[in-house]
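Next come the chains, spelled out residue by residue.
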Amino acid sequence: MSEAILETRGLGRTFTEGGRELRVLDGVDTSIAVGEKLAILGRSGSGKSTLLHLIGGLDTPTEGQILYRGTSLHELPEKEIDAYRRTHVGLVFQFYHLLPELNAVENVLIGGLIAEDGRTKSAIKQRAESLLERVGLKDRMKHRPAKLSGGERQRVAIARALINEPDVLLADEPTGNLDADTGRSILELFHELHAEGQTMVLVTHDDKVAEAADRVVTLVNGRLAADLPPD
Ligand SMILES: Nc1ncnc2c1ncn2[C@@H]1O[C@H](COP(=O)(O)OP(=O)(O)OP(=O)(O)O)[C@@H](O)[C@H]1O
């Protein structure tokens, strides 16, 4: 197995609501290797999104650690956690989360602009356009989300997630809002990106998404119950 890009050690997340504690994750240990396509399965409410948000730096664990290239993420200064969130991981959500007032290319390039990594706006725009071409949207670059189908919106969201060449692409139920055929085409796109070397973590309760992964882990009672070997 090649080097781990991300690891979780004893990762826990407890929510407190109305004076009651809900322990959603309780000692999650896993590691994601460079180039790997990991699927995290689990029933509704098992904590999949919570785990992905933690790995993506959108939330803070109540216990344990997330190691990015061996460094404990939440021991870094907030500024570096921000940089991690903006550039080292790319996030794709079930409901796309595109900005409605921006067209496709603007939605993609905005993530490049906030990275503030020294690239010129025209270089970022060029990359945004080539990513949209890559995901099959060459003729839809100037369309706003309202003028795009669900599958097209998800392609824009995937292009946006890739604008800063993230080490890891994190997707939360990426086909959950799509019909079966469109979902398949999005899975095919993930498959191609993975074949091109993209490391990715897909969270899903859809077995079809999991089937195409290198490795499948299942969240049960706040823990990763099993590491299932690929077929
Ligand atoms: N911010 C929060 N405050 C309180 N409880 C929360 C919060 N976020 C999530 N939860 C609870 O944590 C549990 C796990 O939620 P999570 O969204 O991670 O599950 P999931 O496996 O992704 O579910 P689904 O497949 O339905 O999206 C749920 O019981 C949820 O209500």
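Bear in mind that the values here come from a model prediction, so they are computed numbers and not experimental data. (Residues numbered from 1 in each chain as written. Predicted model: local features only at pLDDT ≥ 70, side-chain atom pairs only at ≥ 80, totals over all residues.)

## Thoughts on the overall build of the chain
Part 1: Counting its secondary structure elements, the chain contains 7 helices and 10 strands.
Part 2: Relative to the compact-globule value of 17 Å for 231 residues, the chain shows a C-alpha radius of gyration of 17 Å, a close match.
Part 3: Projected onto its principal axes, the C-alpha coordinates of the chain cover approximately 45 × 45 × 40 Å.
Part 4: Taking all 231 residues of the chain together, 40% fall into the buried category.
Part 5: Residue pairs in contact within the chain that sit at least 24 positions apart in sequence constitute 71% of those at least 6 positions apart. (Helix = DSSP H or I, 4+ residues; strand = E, 2+ residues; numbered from the N terminus. Rg over C-alpha atoms; globule rule 2.2 N^0.38 Å. Buried ≥ 20, exposed ≤ 12 C-beta atoms within 10 Å, placed from the backbone. Contact = placed C-beta atoms within 7 Å.)

## Some remarks on the site of the ligand
Part 1: Surveying the vicinity of the ligand reveals 13 residues, the closest of which are F15, S44, K48, S49 and T50.
Part 2: For the shell around the ligand, the elements supplying multiple residues, two or more each, are β1 (4-17), β2 (20-33) and α1 (48-55).
Part 3: Here the shell around the ligand takes 3 residues from α1, the largest share from any one element.
Part 4: Here the shell around the ligand is composed, by residue class, of 3 nonpolar, 8 polar and 2 charged. (Near = placed C-beta within 6 Å. Nonpolar A, V, L, I, M, F, W, Y, C, P; charged D, E, K, R; others polar.)

## As for the sheet that holds strand β5 (residues 71-72)
Across a sheet, paired strands are connected by hydrogen bonds in the backbone, their directions being either parallel or antiparallel.
Part 1: Read across the open sheet, the 4 strands follow the order β2-β1-β4-β5; overall the sheet is antiparallel. Looking at strand neighbours, the two that pair on one side only are β2 and β5, the edges of this open sheet.
Part 2: Direction of pairing for strand β4 (residues 63-68) relative to β5: antiparallel, over a ladder of 2 bridges. Bridge pairing in β5 links Y68 to T71. (Pairing = 2+ DSSP bridges.)

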